[in-house]
Structures are given as structure tokens and as C-alpha cells.
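# Descriptive analysis of the structure
This is what each chain is made of:
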Amino acid sequence: MAANNKAEAIENKDKKIMQYIVVQIGSEKYGIDISYVDNIVRMQKITRVPKAQPYFKGIINLRGEIVPVMSIRTKMGLEDDVFTNASRIIILKIEEKGSLGVIVDEVCEVVNLAEDEIETNNINSNHVKDSFINGIGKNGEQLISLFDISAIVEEKDNS
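Residues numbered from 1 in each chain as written. Predicted model: local features only at pLDDT ≥ 70, side-chain atom pairs only at ≥ 80, totals over all residues. Heavy atoms only, no water.

### A closer look at the overall build of the chain
In plain terms, the rule: What counts as a helix is a DSSP run of H or I of at least four residues, what counts as a strand is a run of E of at least two, and both are numbered from the N terminus. Three exposure classes are used, based on accessible area relative to the maximum for each residue type with a 1.4 Å probe and protein chains only: buried under 20%, partly exposed in between, and exposed over 50%. Contact between two residues is taken to exist if any of their heavy atoms lie within 4.5 Å; hydrogens are not considered. All accessibility values rest on the Shrake-Rupley procedure with a 1.4 Å probe; residue burial counts only the protein chains present in the view.
Of the regular secondary structure elements, the chain holds three helices and 11 strands. Going through the 159 residues of the chain one by one, you find that 39% of them count as buried. A fraction of 56% describes how many contacts in the chain between residues 6 or more apart in sequence connect residues 24 or more apart. When the accessible surface of the chain is summed, it comes to about 9400 Å², and 49% of that surface belongs to carbon and sulfur atoms.

### Concerning the environment of Leu62
Relative to the helices and strands, Leu62 is located in strand 4 (residues 56-62). According to the relative accessible area criterion, Leu62 is buried, its value standing at 8%. Sequence separation between Leu62 and Ile91 is 29 residues, and the spatial gap between their C-alpha atoms is 9.6 Å. In contact with Leu62, not counting residues within four places along its chain, are Asn39, Val41, Gln44, Val67 and Ile91.

### Details of the nonpolar core
Defined as follows: We call a set of buried residues a nonpolar core when its members are Ala, Val, Leu, Ile, Met, Phe, Trp, Tyr or Cys and they connect through side-chain atoms within 4.5 Å of each other.
Membership of the largest hydrophobic core comes to 24 residues, with the highest contact counts inside it found for Val23, Ile25, Ile32, Ile90, Leu92 and Phe147. Only strand 1 (17-25), strand 2 (28-33), strand 6 (88-94), strand 7 (98-104) and helix 3 (149-153) provide two or more residues apiece to this core. Beyond its immediate stretch of four places on either side in the chain, Phe147 contacts Ile25, Tyr30, Gly31, Ile32, Ile72, Met76, Phe132, Ile133, Asn134 and Ile152.

### Description of the confidence of the model for the chain
In plain terms, the rule: Residue-level confidence of the predictor is summarised by pLDDT, bounded by 0 at the bottom and 100 at the top.
On average, residues of the chain score 85 in pLDDT, and 82% of them are at 70 or above. For the chain, helix 1 (residues 2-11) is the element with the lowest average pLDDT, namely 47, and strand 3 (residues 37-42) is the one with the highest, namely 96. The model gives residues 1-10 a pLDDT under 50, and that stretch makes one contact with residues more than four places away or in other chains.

### Some points on the pattern of salt bridges
For the record, the criterion: Every case where a carboxyl oxygen of Asp or Glu lies within 4 Å of a side-chain nitrogen of Lys or Arg is listed as a salt bridge.
Across all of its chains, the model carries five salt bridges by this definition. With its nearest N and O atoms 2.8 Å apart, the salt bridge here joins Arg73 to Glu79. The buried category is assigned to Arg73, whose relative accessible area is 7%. Here the residues in one salt-bridge network are Arg73, Glu79, Asp81 and Asp105, joined through shared partners.

What follows is the structure in C-alpha cells.
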């Protein structure tokens, strides 16, 4: 497999390559643009914040910095988070908003996707979760829904 990826990298040298962290949420795989990712931390105690949106689980203290944490599952209208040993909080750095933690079921891998491996058809659907997807990445036989980070961090309540 490594040799195959090397061949693809040479072949794709003229194309723009994007890196995504592939995460599992429920039974689906999602990609988060690696340029937004500041850190990945193990699940830890989250302090609730009164009167916050339902998808905000609370805040954590990450090396002295207070970071709000949200559940992508809740924001997408999926069932509640079930924390396991594989659960992680991905710390995103958003220019205008600072740091934000998002809870994922599992971090799987980092993939490189060339422009021609990303399908950016406008997904016109009434599903809340589809409004957070800005494309589908094809990594071999695997399809990865690519998150639109700005749609995820928007403050409005989509539920």
C-alpha cells in the first residue's frame, strides 16, 4: 500500500493535495481539514455551562486555556455521544473564534486527497447533518464525507 501511495503522490504532483484527519462518528467516516486541527486529546471531564446550546457539552481546561467543547453528533441531529476509550476531542483553531473542541468517536488516520479525488457536488438535502458537509473524498474504495468547518462552528442552533 505504501508503494501505491508513493506512485499516486508522484502522479498527483501537479494537483493540489489536501490533508484530512479521518474520524469516525457513528458508523460513518468524516474528514476534517488538517489545517484547522491544533491538537487531539483524550476524552476528559467536561464542565457543563448553564444555558448553552444543547450541542455545547461544556468547557475543558487544556494546559491553562479554557476551550469550549461541542458534540458534532448532537449538532448533526444524531444520537447522543457514547464515550469509549477511542473517543477523542479534536481541538480546532478557528481564526475569528479561537479554539473549539469537537467530540468524535474515534480518530482513524490522516489521508491525502488530490483535487480530483474530492467531489464537491452541492448536497441539496433536508438532512441537518448534510448541511455540515462540503464534499466527498474518495480514498481508494473508501468514501469520506468532508466537514465544512465554518458550518459546524456557526453559533446558530440547527436542531
